[in-house]
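Structural overview
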Amino acid sequence: MKLNEDDLYRTSTQFRQWSFTAEQLAAQRAKTNLQATERVKLNVARQRAQRVQAAELDSTSGNSGIDGSGANTPNAVTSDKEVDCLTVTEEMTFVEEFCERTMALGAHCKFSDNVIATCVQFLRRFYLYNSPMTYHAQNISRTAMFLAGKSESEHQSLDHFATNISSEKTKVTPEQILAPEYLIVQALRFNFDVKHPFRALKGGVLDMMSIANGKYEGPNHSIHKTAADLSTAIHQLPRKTGGLAAKATSQQLADRIMRESYSPAAQTLKKTAALTDVYFLYTPSQIWLAALLLADEPLVLFYLSVKMPSTSPVYEKVIVALRECALILSSHRSHQKLHLPADEQARMDAEHRAEVKRLIKKLKLCQDPDKLDLVKLNQAQKRDAVQGSDLDVHKAKRRKMDRENFQKDSDTFWGPELPTYGAKPA
Amino acid sequence: MSKVTSRANGGQVRQGEAGGASPLSKSLYSLSLKPSSRPRTDAASDVCPVCKSSRYLNPNMKFLVNPECYHKMCESCVDRIFSHGPAPCPIAGCARTLRKGKFREATFEDLKVEREVDIRRRVASIMNKEESDFETLKDYNDYLEQVEEITWNLILKIDVDETNHRLQRWADAQAAETGATRRTYEPDPSMAGASGVVLKKGGTQRRALETSSGNTTDTNVKDKGFNFHGLKKKVAPPPEAPFDPFDGWSIAPQYYTLQNDYDADWLTKHKREKEQLVGGYQWSDFYNRALQDAFGGLTVFIDDEIRARDIPSGDAAIGTERAATAAAGGQDVNMDDIF
Ligand SMILES: [Zn+2]
Ligand SMILES: [Zn+2]
């Protein structure tokens, strides 16, 4: 019983839980959007009704007019317009924007590329099942970053992280970071491992270098039988598909692999791959090869022909998958930008910024009013934070009773808690 | 012998679900479970035959018996007579050598029953076949009948020596077959002429017994003491294979062969770093992991595999679906107000 690399990948949660077909992705996003829309409309209607009631009470008791709560910036409840929810596309643009901002945030906090990429994937996974209308990406992204730091073992202490991401304008408290943590972890279904194509790209390039050096020992399905033959062949690869074969020196070849292929591919993986759906649709192995395909097609095709017989149907399928994946990568804004003149780039950026600005404004008017204050929601859930919150007495009482009953039940079943001797628990 | 057989036919043979109580079990019941019709203050049973002290004067008095001869005497007599080592039984006409360690309280008031139970226990420890060891139920029943016959021979003191020897041979044969440690059959110590404990000469006497029967065992090694029809051959379990934590699975990379070393400019720089030279860090681990990552899932086509997964969904897929609905459902599990 032998396991190959594919079998190993199939055991990962990334494959089992977080891989989808394009249709599945679209359907899920539509579903999430629909549910969030309904919920927002319902909650807004309810809160508006409550407001009207409260206003009536106020006017009868005679102390109306004091309503400073966000009079200058209307939110979904205070605005009197019909709630206009985000569409699926708008949601995606919005999430993508916040993914980009999160990358900047991660760089600001001096997290490694792995942490940033993990964080972005956490966000994308989170917003597959949740809408930004329900949970604002601003709050979620901070916590996702904190979580990603922990899961990639680059933990920054909570206080340190909070001060790190606070600016003069916005102060971020540790409570704000912790509040949605469990929510996110749950939405991620406790799958903290994200498989990235970064190390894979390094491994692949190392393998290619060993071909170039004539030291290759792996499987060889190409027409060049010996390691020396392979080395000669790779030195003669054309620079572009269909281009002329020209013999390169080994220094030139090393430059080609490391500078002209590896570097742009790594950039693509770092930025574009994280911002697109490729993590959901393809495996890390396919993603790095696709990114390299964009940078140096002849090299990748040659490399694949060494790895598997080019007559096999699997080879064809791999090539098709790689081209599809490469198409997704290359058609993304961040990749297209690279090949455009500066003024064109600036125009694209401005367009994008305007769109994002519009979306942020729009979102303000369709944010789920029940989920605005995550800190308070979180406190309400916690056992011993009841005093601090403004829960009404009745609710608190019932909660206390329920808790006591639960405790009693579990005590009769499991026996009471063991007494703690010695030092008091912190 | 004939008497025994008829007795055995009486009912000890198990017939399917037959629950016919044997005479023995009836007598056991009447003796031990039924409330005794005799009052406990029976003069005869409450007076020590050795010192003549009675329970009437000493309510805490305990009577003990020794399975050598089942003669009853009080605890203080046992202490007095046998504390200094084995001594002959003080009951007139007995004179068997008894040891203090073997004295115990009788479970049954009727000491005949006590003895029978002891014999049965000893026989059962050797004749311990089960129904599954036999080809047919009939063979098993025949076996049970034979065992019962042996038991009654011992109880009724018929052919005791012969039966004991056969039992010992049977025990040896069983031990040899299973490879277990040899189980010594202890012959009934209450039998005259059996190899009972005779002070310190017990060992030599037993050896003498073995040598006397030695020529028969030597010439006929196959003699197991008994022959039961339809007994399945016991197959010794195969020797245990060494523990394999991976249960026979191994990782066989398909697209790469791990080489001793890889060259790249950025790598040579790292290789010289102090941090990489510490113990426990191995470059080959990095190479292996990087290459495993590089090809992990190369030919996993998510589209195809998900479609294939959807058709006959295993339990994993169901779990996934439920998790998905839980995660996506209108109210995320336990996320809002918990009550
Ligand atoms: Zn006495
Ligand atoms: Zn005696």
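Quick note: structure is the one above.
Below, the structure is looked at part by part. (Residues numbered from 1 in each chain as written. Chains lettered and ligands numbered in written order. Predicted model: local features only at pLDDT ≥ 70, side-chain atom pairs only at ≥ 80, totals over all residues. Heavy atoms only, no water.)

A closer look at the overall build of chain A
- Counting its regular elements, chain A contains 20 helices and 1 strand.
- Looking at chain A residue by residue over its 426 residues, the buried ones come to 47%.
- Considering only contacts within chain A whose residues lie at least 6 apart along the sequence, 74% involve residues at least 24 apart.
- Carbon and sulfur atoms make up 57% of the accessible area of chain A, which totals about 21,900 Å². (Helix = DSSP H or I, 4+ residues; strand = E, 2+ residues; numbered from the N terminus. Buried < 20%, exposed > 50% of the residue type's maximum accessible area, 1.4 Å probe, protein only. Contact = heavy atoms within 4.5 Å. Areas by Shrake-Rupley, 256 points an atom, 1.4 Å probe, with all protein chains shown as cover.)

As for the coordination of the zinc ion (ligand 2)
Residues and elements named next belong to chain B.
- Summarising the metal site, the zinc ion (ligand 2) is bound by the protein donors Cys 69 (SG), His 71 (ND1), Cys 89 (SG) and Cys 94 (SG), whose distances to it range over 1.8 to 2.4 Å.
- One way to put it: the 4 donor atoms around the zinc ion (ligand 2) meet at angles of 98 to 119 degrees, and that makes the site tetrahedral.
- When the donor residues of the zinc ion (ligand 2) are listed from N- to C-terminus, their spacing reads C-x1-H-x17-C-x4-C. In this pair, Cys 69 is assigned in the loop between β1 (63-65) and β2 (72-74) and Cys 89 in the loop between β3 (87-88) and β4 (97-98), connecting sequence segments 20 residues apart.
- Under the relative-accessibility criterion, Cys 69 is labelled buried at 15%. (Donors = N, O, S within 2.8 Å, 3.2 Å for Na, K, Ca; no water. Tetrahedral: all angles 85-135°; square planar, octahedral: opposite > 155°, others 65-115°.)

Considering the sheet that holds strand β5 (residues 104-105) of chain B
Residue and element names in this part refer to chain B.
- Within the open sheet, the 3 strands sit side by side as β2-β1-β5. Their pairing is antiparallel. Strands with a single pairing partner mark the edges of an open sheet, and in this sheet they are β2 and β5.
- Two elements, β1 and β2, share 3 bridges in a ladder whose sense is antiparallel. In the sheet register, Phe 63 faces β2, and the bridge partner there is Cys 74. (Pairing = 2+ DSSP bridges.)

A few points about the pattern of salt bridges
- Counting across every chain of the model gives 41 salt bridges over all chains.
- Two residues, Asp7(A) and Arg10(A), come together in a salt bridge whose shortest N-O distance is 3.1 Å. With a gap of 3 residues between them, Asp7(A) and Arg10(A) both fall in helix α1 (residues 5-10), about one helical turn apart.
- When its relative accessible area of 25% is taken as the criterion, Asp7(A) is described as partly exposed.
- With relative accessibility at 26%, the residue Arg10(A) sits in the partly exposed group.
- The shortest N-O distance in the salt bridge between Asp142(B) and Lys138(B) comes to 3.0 Å. With Asp142(B) and Lys138(B) both in helix α5 (residues 137-155) and 4 residues apart, the pair spans about one turn of that helix.
- Assessed through its relative accessible area of 57%, Lys138(B) is described here as exposed. (Salt bridge = Lys/Arg side-chain N within 4 Å of Asp/Glu carboxyl O.)

Description of the interface of chain B and chain A
- Taken residue by residue, the interface counts 57 residues in chain B and 66 residues in chain A.
- Between chain B and chain A, roughly 5,600 Å² of surface is buried when both sides are summed, and carbon and sulfur atoms account for 56% of that area.
- Linking chain B with chain A are 5 salt bridges.
- Remark: the boundary between chain B and chain A carries 23 residue pairs in polar contact (both at pLDDT 80 or more).
- Among the secondary structure elements, those contributing two or more residues to the side of chain B that touches chain A are β6 (250-251), α8 (265-271), α9 (283-295), α10 (302-310) and α11 (315-328) of chain B.
- For the side of chain B that touches chain A, the leading source of residues is α9(B), giving 9 residues.
- Broken down by class, the residue content of the side of chain B that touches chain A amounts to 30 nonpolar, 14 polar and 13 charged.
- Where strand β1 (residues 2-3) of chain A lies against β6(B), 2 bridges are found, and the strand directions are parallel. (Buried area = accessible area lost by both parts, 1.4 Å probe. Polar contact = N/O pair within 3.5 Å; in protein donor to acceptor, adjacent residues only side chain to side chain. Nonpolar A, V, L, I, M, F, W, Y, C, P; charged D, E, K, R; others polar.)

Regarding the coordination of the zinc ion (ligand 1)
- Ligation of the zinc ion (ligand 1) by protein atoms is provided by Cys48(B) (SG), Cys51(B) (SG), Cys74(B) (SG) and Cys77(B) (SG), these donors lying 2.0 to 2.5 Å from the ion.
- Between the 4 donor atoms coordinating the zinc ion (ligand 1), the angles at the centre fall across 102 to 120 degrees, so the site counts as tetrahedral.

Some details on the nonpolar core
- In this structure, Leu201(A), Ile257(A), Trp288(A), Leu304(A) and Leu267(B) are the most contacted members of the largest nonpolar core, which totals 121 residues.
- Both domains that furnish three or more residues to this core are identified here as domain 1 (23-187) and domain 2 (198-338) of chain A.
- Beyond its immediate chain neighbours, meaning those up to four positions away, Trp288(A) contacts Pro197(A), Ala200(A), Leu201(A), Gly204(A), Met208(A), Leu269(A), Tyr303(A) and Ala294(B).
- Counting residues in each nonpolar core, the second largest holds 19 residues, with Met127(B), Trp152(B), Val160(B) and Ala171(B) among its members. (Core = buried A, V, L, I, M, F, W, Y, C linked by side-chain atoms within 4.5 Å. Domains from an automatic or database assignment.)

Here we look at the environment of Leu128(A)
Residue and element names in this part refer to chain A.
- Its location among the elements puts Leu 128 in helix α5 (residues 113-129).
- Given the relative accessible area of 1%, Leu 128 is considered buried.
- Taking the C-alpha atoms as reference, Leu 128 lies 10.0 Å from Val 95; in sequence the two are 33 residues apart.
- Leave out the neighbours within four places in its chain, and Leu 128 touches Trp 18, Phe 20, Leu 25, Gln 28, Arg 29, Thr 32 and Phe 280.

Quick look at the packing of aromatic side chains
- Applying the stated criterion to the full structure yields 26 aromatic pairs over all chains.
- For the ring pair Trp283(B) and Tyr287(B), a centre distance of 6.1 Å and an interplane angle of 35 degrees mean the geometry is tilted. Pair noted here: Trp283(B) and Tyr287(B) are both in helix α9, with a separation of 4 residues, about one helical turn. Here the two residues Trp283(B) and Tyr287(B) agree in accessibility, since each one is buried.
- By way of ring pairs, the aromatic residues Phe134(B), Tyr140(B), Tyr143(B), Trp170(B), Phe226(B) and Phe228(B) are connected into one cluster.
- Over the ring of Phe98(A) we find Arg101(A); its NZ or CZ atom is 4.9 Å from the centre of that ring.
- Sitting above the plane of the Phe63(B) ring, Lys72(B) keeps its charged end 5.0 Å from the centroid. (Phe/Tyr/Trp six-rings, centres within 6.5 Å; stacked < 30°, edge-to-face > 60°. Lys NZ or Arg CZ within 6 Å of the ring centre and 35° of its normal.)

So, the environment of Cys99(A)
Residue and element names in this part refer to chain A.
- The residue Cys 99 is located in helix α4 (residues 88-108) in this model.
- Along the sequence, Cys 99 and Phe 122 sit 23 residues apart, while their C-alpha atoms lie 9.8 Å from each other.
- Excluding residues within four positions of it along the chain, Cys 99 makes contact with Val 120, Leu 123, Arg 124 and Leu 275.

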